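Breakdown of the fold
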Amino acid sequence: MNRPKRYHVEEDQGTLVMNGQLFSGKAFSNKDDYDGMKYTVRLGVKKKGGKKDIQGEEIVVTGADSVEIYLSASTDYQPVPPFYRGKMDKSVKFRHFNHLMNSISYQTLKDAHIEDFSKLHSRVQFQLSQGKDFVDTI
């Protein structure tokens, strides 16, 4: 798990955790631009059979019958003007990551995610029709 710049990866309880801070975009060429959004990403795998090793910034799985990959991310973004930034408590955000990954089935976790996601993103419907004024622009 890596990215081009400004990150640190460490192992934590059999998972990889990446912490970093993005450029703000105000002065992209300025190396001292540390005003961007902070983020944390946790990556874990659940395997059947085989062997799992963490080697630096990689999780290496060999000889497994199946592997499920779990990824969770958090930022310090807050939808509150004018700064849109808040405190990010990484310990709270990821406290239950290993427990959820190892005790809940993939399908149950997926269903819960879709239900949670849909509450926010199914509020609007948008449709383009091919009525009499339809013009193909492609």
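Given the structure is predicted, the values throughout are model-derived calculations rather than measurements.

Thoughts on the overall build of the chain
Helix and strand counts for the chain come out as three helices and six strands. In the chain, the succession of α and β elements from N to C terminus is β-β-β-β-β-β-α-α-α. For the chain, buried positions account for 20% of its 138 residues. Intrachain contacts of the chain at a sequence separation of at least 6 include 46% that bridge at least 24 residues. In the structure as shown, the chain presents an accessible area of about 10800 Å², 52% of it carried by carbon and sulfur atoms.

Details of unusual backbone geometry
In the Ramachandran plot, Arg6 falls in the positive-phi region, its phi being about 55° despite a non-glycine side chain. Positionally, Arg6 belongs in the segment before strand 1 (7-12). Positive phi outside glycine occurs at Gln13, with the angle close to 50°. In this fold, Gln13 is placed in the loop between strand 1 and strand 2 (15-21).

Description of the sheet that holds strand 1
Through backbone hydrogen bonds, the strands of a sheet pair up, either in parallel or in antiparallel fashion. The four strands are arranged 1-2-3-6 in an open sheet whose pairing can be described as antiparallel. The outermost strands of the open sheet, each flanked by one partner alone, are strand 1 and strand 6 (66-75). Each adjacent strand pair in this sheet contributes to an overall mean axis angle of 20°, direction not counted. Here strand 1 runs beside strand 2; their pairing, made up of six bridges, is antiparallel.

Some remarks on a nonpolar patch on the surface
Taken together, the side chains of Met37, Tyr77 and Tyr84 present a nonpolar region at the surface, about 270 Å² in accessible area. Among the structural elements, Tyr77 can be located in the loop between strand 6 and helix 1 (90-94).

Focus on the pattern of salt bridges
This model, assessed by the stated rule, comprises three salt bridges. A salt bridge links Arg42 to Asp12; the nearest nitrogen and oxygen atoms lie 2.9 Å apart. Residue Arg42 is located in strand 3 (residues 38-48), and its partner Asp12 is located in strand 1; the two are separated by 30 residues in the primary sequence. Overall, Arg42 belongs to the buried group, its relative accessible area being 9%. For Asp12, a relative accessible area of 27% puts it in the partly exposed group. Taking the shortest distance from any N to any O, the salt bridge between Asp53 and Lys51 comes out at 3.7 Å. Classification of Asp53 as partly exposed rests on a relative accessible area of 27%.

Describing the confidence of the model for the chain
In this model, the chain carries a mean pLDDT of 82, and residues with pLDDT of at least 70 account for 81%. The element-level mean pLDDT for the chain is lowest in helix 1, coming to 58, with strand 5 (residues 58-62) highest at 97.

Parameters and conventions
The residue numbers shown here count from 1 along each chain, following its written sequence. The predicted nature of this model means local features are confined to residues of pLDDT at least 70 and side-chain atom pairs, given and counted, to a pLDDT of 80 or more, with totals for whole chains, interfaces and linings taken over all residues. With hydrogens and water set aside, each side-chain value is computed from the structure's full complement of heavy atoms. Segments assigned H or I by DSSP are reported as helices when at least four residues long, segments assigned E as strands when at least two residues long, and all are numbered from the N terminus. Buried, partly exposed and exposed residues are distinguished by accessible area as a fraction of the type maximum, computed with a 1.4 Å probe on protein chains only: under 20%, between the cut-offs, and over 50%, respectively. Two residues qualify as a contact provided that any one of their heavy atoms is within 4.5 Å of a heavy atom in the partner residue. Residue burial considers only the protein chains on display, and all accessible areas are found by Shrake-Rupley using a 1.4 Å probe. Strand pairing is assigned whenever DSSP identifies at least 2 bridges connecting the two strands. Axes here mean lines fitted to C-alpha atoms, for a helix over just the part in contact, with angles spanning 0 to 180 degrees between N-to-C directions. To count toward a patch, a residue needs a relative accessible area above 30% and no salt bridge. Like charges then connect within 9 Å, nonpolar side chains (Val, Leu, Ile, Met, Phe, Trp, Tyr) within 5 Å. Salt bridge criterion: a side-chain nitrogen from Lys or Arg within 4 Å of a carboxyl oxygen from Asp or Glu. Values of pLDDT, ranging from 0 to 100, describe the predictor's confidence in every residue of the model.

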